[in-house]
Amino acid sequence: MKAVLMSIHPKWCEKIFNGEKTIEVRKSVPKLETPFTVYVYQTRLKVNKGDSFMVVDALNENLGCGKVIGSFVCDRVTCCQAYCGGSGEKHLTNLFWDEVKRTCLTEHEMFDYIVGKGKKEGTGWLWHITEPKLFDKPRALSEFGNYKTEWVQWYHSDDKVFYPLTRPPQSWCYVEV
(Lines give C-alpha, C1' and ligand atoms only; values in the text may rest on other atoms or scores of the structure.)
Protein backbone atom coordinates (compact mmCIF):
# COMPACT_ATOMS: atom_id res chain seq x y z
CA MET A 1 0.00 0.00 0.00
CA LYS A 2 1.37 3.40 -0.97
CA ALA A 3 1.83 5.97 1.77
CA VAL A 4 3.85 9.12 2.35
CA LEU A 5 6.85 9.79 4.60
CA MET A 6 7.09 13.45 5.58
CA SER A 7 9.96 15.30 7.27
CA ILE A 8 8.74 17.57 10.05
CA HIS A 9 10.66 19.73 12.53
CA PRO A 10 10.40 18.75 16.22
CA LYS A 11 8.35 21.77 17.27
CA TRP A 12 5.68 20.93 14.67
CA CYS A 13 5.74 17.23 15.58
CA GLU A 14 4.89 18.12 19.15
CA LYS A 15 1.95 20.25 18.00
CA ILE A 16 0.66 17.53 15.63
CA PHE A 17 0.74 14.79 18.26
CA ASN A 18 -0.79 16.93 21.00
CA GLY A 19 -3.68 17.80 18.64
CA GLU A 20 -2.91 21.52 18.34
CA LYS A 21 -1.79 21.44 14.68
CA THR A 22 -4.37 19.79 12.42
CA ILE A 23 -3.27 21.18 9.05
CA GLU A 24 0.20 20.87 7.50
CA VAL A 25 1.10 23.32 4.71
CA ARG A 26 3.24 22.08 1.82
CA LYS A 27 4.13 23.32 -1.66
CA SER A 28 3.23 20.01 -3.28
CA VAL A 29 0.82 17.15 -2.83
CA PRO A 30 1.05 13.42 -3.57
CA LYS A 31 -0.92 11.81 -6.37
CA LEU A 32 -2.83 9.60 -3.95
CA GLU A 33 -6.52 9.46 -3.27
CA THR A 34 -7.54 10.56 0.20
CA PRO A 35 -7.50 9.28 2.80
CA PHE A 36 -3.85 8.21 2.84
CA THR A 37 -1.35 7.50 5.62
CA VAL A 38 1.49 9.90 6.37
CA TYR A 39 4.46 8.66 8.40
CA VAL A 40 6.23 11.41 10.33
CA TYR A 41 10.02 11.60 10.24
CA GLN A 42 11.11 14.01 12.98
CA THR A 43 14.10 15.98 11.76
CA ARG A 44 17.15 16.57 13.87
CA LEU A 45 17.55 19.95 15.51
CA LYS A 46 20.32 22.19 14.23
CA VAL A 47 21.77 24.68 16.65
CA ASN A 48 23.78 27.63 15.40
CA LYS A 49 27.30 27.56 16.83
CA GLY A 50 29.06 30.63 15.46
CA ASP A 51 29.84 30.01 11.79
CA SER A 52 28.54 26.45 11.73
CA PHE A 53 25.59 24.32 12.78
CA MET A 54 25.67 21.46 15.24
CA VAL A 55 23.09 18.66 15.01
CA VAL A 56 21.46 18.00 18.37
CA ASP A 57 19.53 14.81 19.10
CA ALA A 58 19.43 14.96 22.88
CA LEU A 59 17.11 17.97 23.14
CA ASN A 60 14.07 15.96 22.13
CA GLU A 61 15.29 12.43 22.72
CA ASN A 62 11.94 11.19 24.03
CA LEU A 63 10.38 11.75 20.60
CA GLY A 64 13.29 10.30 18.66
CA CYS A 65 14.92 13.03 16.57
CA GLY A 66 16.13 11.59 13.29
CA LYS A 67 13.56 8.78 13.37
CA VAL A 68 10.03 8.02 12.25
CA ILE A 69 8.02 8.79 15.35
CA GLY A 70 4.39 8.30 14.32
CA SER A 71 1.75 8.65 11.66
CA PHE A 72 -1.46 10.42 10.78
CA VAL A 73 -4.18 10.09 8.20
CA CYS A 74 -4.56 12.86 5.64
CA ASP A 75 -8.29 12.80 4.91
CA ARG A 76 -8.42 15.89 2.70
CA VAL A 77 -6.09 18.18 0.77
CA THR A 78 -7.11 21.69 -0.25
CA CYS A 79 -5.37 24.23 -2.45
CA CYS A 80 -4.45 27.76 -1.35
CA GLN A 81 -3.18 30.51 -3.64
CA ALA A 82 -0.91 33.27 -2.38
CA TYR A 83 -0.18 36.45 -4.34
CA CYS A 84 0.91 40.07 -3.97
CA GLY A 85 -1.64 42.71 -4.90
CA GLY A 86 -0.92 45.76 -7.04
CA SER A 87 0.20 47.87 -4.10
CA GLY A 88 2.19 45.06 -2.45
CA GLU A 89 -0.48 43.74 -0.06
CA LYS A 90 -0.34 39.99 0.56
CA HIS A 91 -3.34 37.77 -0.18
CA LEU A 92 -4.22 34.14 0.58
CA THR A 93 -7.21 32.69 -1.26
CA ASN A 94 -9.50 29.69 -0.73
CA LEU A 95 -8.77 29.79 2.98
CA PHE A 96 -10.75 30.39 6.15
CA TRP A 97 -9.31 32.01 9.28
CA ASP A 98 -9.99 28.80 11.22
CA GLU A 99 -7.77 26.90 8.78
CA VAL A 100 -4.91 29.38 9.24
CA LYS A 101 -5.21 28.93 13.00
CA ARG A 102 -5.08 25.12 12.63
CA THR A 103 -1.70 25.37 10.80
CA CYS A 104 -0.14 27.06 13.88
CA LEU A 105 1.29 29.69 11.50
CA THR A 106 0.41 33.33 11.08
CA GLU A 107 -1.01 34.48 7.74
CA HIS A 108 2.29 36.25 7.08
CA GLU A 109 4.36 33.09 7.78
CA MET A 110 2.04 31.03 5.61
CA PHE A 111 2.24 33.53 2.75
CA ASP A 112 6.05 33.72 2.93
CA TYR A 113 6.35 29.91 2.91
CA ILE A 114 3.97 29.42 -0.05
CA VAL A 115 5.37 32.26 -2.18
CA GLY A 116 9.05 31.82 -1.34
CA LYS A 117 11.85 34.31 -1.81
CA GLY A 118 11.80 36.69 -4.76
CA LYS A 119 8.39 35.63 -6.11
CA LYS A 120 5.02 37.33 -6.16
CA GLU A 121 2.73 34.29 -6.19
CA GLY A 122 2.58 30.62 -5.34
CA THR A 123 0.40 27.62 -4.62
CA GLY A 124 0.20 25.88 -1.27
CA TRP A 125 -1.53 22.68 -0.22
CA LEU A 126 -3.25 22.19 3.11
CA TRP A 127 -2.93 18.58 4.28
CA HIS A 128 -5.73 17.97 6.81
CA ILE A 129 -4.47 15.84 9.71
CA THR A 130 -6.65 13.23 11.41
CA GLU A 131 -5.91 10.25 13.66
CA PRO A 132 -2.39 11.23 14.79
CA LYS A 133 -0.61 8.26 16.41
CA LEU A 134 2.72 8.48 18.19
CA PHE A 135 4.64 5.20 18.03
CA ASP A 136 5.60 3.54 21.34
CA LYS A 137 9.12 3.26 19.99
CA PRO A 138 10.55 5.45 17.17
CA ARG A 139 11.33 3.53 13.99
CA ALA A 140 14.50 3.74 11.90
CA LEU A 141 14.31 5.42 8.51
CA SER A 142 15.63 2.21 6.92
CA GLU A 143 12.35 0.45 7.82
CA PHE A 144 10.68 2.57 5.13
CA GLY A 145 11.26 2.44 1.40
CA ASN A 146 9.85 1.11 -1.84
CA TYR A 147 9.58 -2.21 -3.63
CA LYS A 148 10.96 -2.49 -7.13
CA THR A 149 10.96 -5.33 -9.60
CA GLU A 150 14.44 -6.80 -9.66
CA TRP A 151 16.31 -6.79 -12.94
CA VAL A 152 19.06 -9.31 -13.35
CA GLN A 153 21.69 -9.10 -16.08
CA TRP A 154 20.20 -11.84 -18.30
CA TYR A 155 16.54 -11.92 -17.38
CA HIS A 156 13.72 -10.00 -15.80
CA SER A 157 12.33 -11.44 -12.59
CA ASP A 158 8.94 -10.66 -11.12
CA ASP A 159 10.46 -10.72 -7.65
CA LYS A 160 10.00 -7.46 -5.80
CA VAL A 161 12.98 -6.23 -3.81
CA PHE A 162 12.66 -3.76 -0.93
CA TYR A 163 14.90 -0.72 -1.21
CA PRO A 164 15.08 1.06 2.15
CA LEU A 165 15.41 4.80 2.42
CA THR A 166 18.95 5.92 3.19
CA ARG A 167 18.18 9.57 3.84
CA PRO A 168 15.07 11.51 4.82
CA PRO A 169 13.08 13.40 2.23
CA GLN A 170 13.50 17.17 1.91
CA SER A 171 9.71 17.53 2.23
CA TRP A 172 7.96 14.20 1.63
CA CYS A 173 8.28 11.05 -0.47
CA TYR A 174 6.24 7.99 -1.35
CA VAL A 175 6.82 4.82 0.63
CA GLU A 176 5.26 1.38 0.46
CA VAL A 177 4.11 -0.40 3.57
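First, a word on scope: everything that follows refers to the structure included in this document. (Residues numbered from 1 in each chain as written. Predicted model: local features only at pLDDT ≥ 70, side-chain atom pairs only at ≥ 80, totals over all residues. Heavy atoms only, no water.)

### Some thoughts on the overall build of the protein chain
In terms of helices and strands, the protein chain carries three helices and eleven strands. Order of helices (α) and strands (β) in the protein chain, N terminus to C terminus: β-α-β-β-β-β-β-β-α-α-β-β-β-β. For the protein chain, the proportion of its 177 residues judged to be buried stands at 38%. Looking at the protein chain as shown, the accessible area adds up to about 11000 Å², and 51% of this sits on carbon and sulfur atoms. (Helix = DSSP H or I, 4+ residues; strand = E, 2+ residues; numbered from the N terminus. Buried < 20%, exposed > 50% of the residue type's maximum accessible area, 1.4 Å probe, protein only. Areas by Shrake-Rupley, 256 points an atom, 1.4 Å probe, with all protein chains shown as cover.)

### With respect to the pattern of salt bridges
Under the definition given, this model contains six salt bridges. Notably, a salt bridge pairs E20 with K15, separated by 3.3 Å at the nearest N-O pair. Residue classification places E20 among the partly exposed residues on the basis of a relative accessible area of 43%. For the salt bridge of D112 with K90, the shortest nitrogen-to-oxygen distance reads 3.1 Å. Here K90 lies in strand β7 (residues 90–93) and D112 lies in helix α3 (residues 107–115), a separation of 22 residues in the sequence. Since its relative accessible area comes to 34%, D112 is described here as partly exposed. What emerges from the salt-bridge pattern is a single network uniting K21, E24 and R26. (Salt bridge = Lys/Arg side-chain N within 4 Å of Asp/Glu carboxyl O.)

### What to know about the environment of E89
As for its position among the elements, E89 is in the loop between β6 (67–84) and β7. Residue contacts for E89: discarding those within four places in its chain leaves Y83 and C84. Within the local environment of E89, its side chain forms a polar contact with the side chain of H91, the two groups lying 3.4 Å apart. (Contact = heavy atoms within 4.5 Å. Polar contact = N/O pair within 3.5 Å; in protein donor to acceptor, adjacent residues only side chain to side chain.)

### Section: the side chain of S71
Here S71 shows up in strand β6. Judged by its relative accessible area of 11%, S71 is buried.

### Some points on helix α1 (residues 10–17)
Within the span of α1, buried status applies to P10, W12, C13, I16 and F17. Buried residues of α1, seen end-on, are gathered within an arc of 155 degrees and therefore sit on one face of the element. In the stretch just after α1, G19 is the one whose phi turns positive, near 85 degrees. (Arc of directions from axis to C-beta.)

### What about the environment of C13?
Looking at the secondary structure, you find C13 in helix α1. Look at C13 and you get buried, because its relative accessible area is 0%. Those residues in contact with C13, other than ones at most four positions away along the chain, are I8, V40, Q42 and I69.

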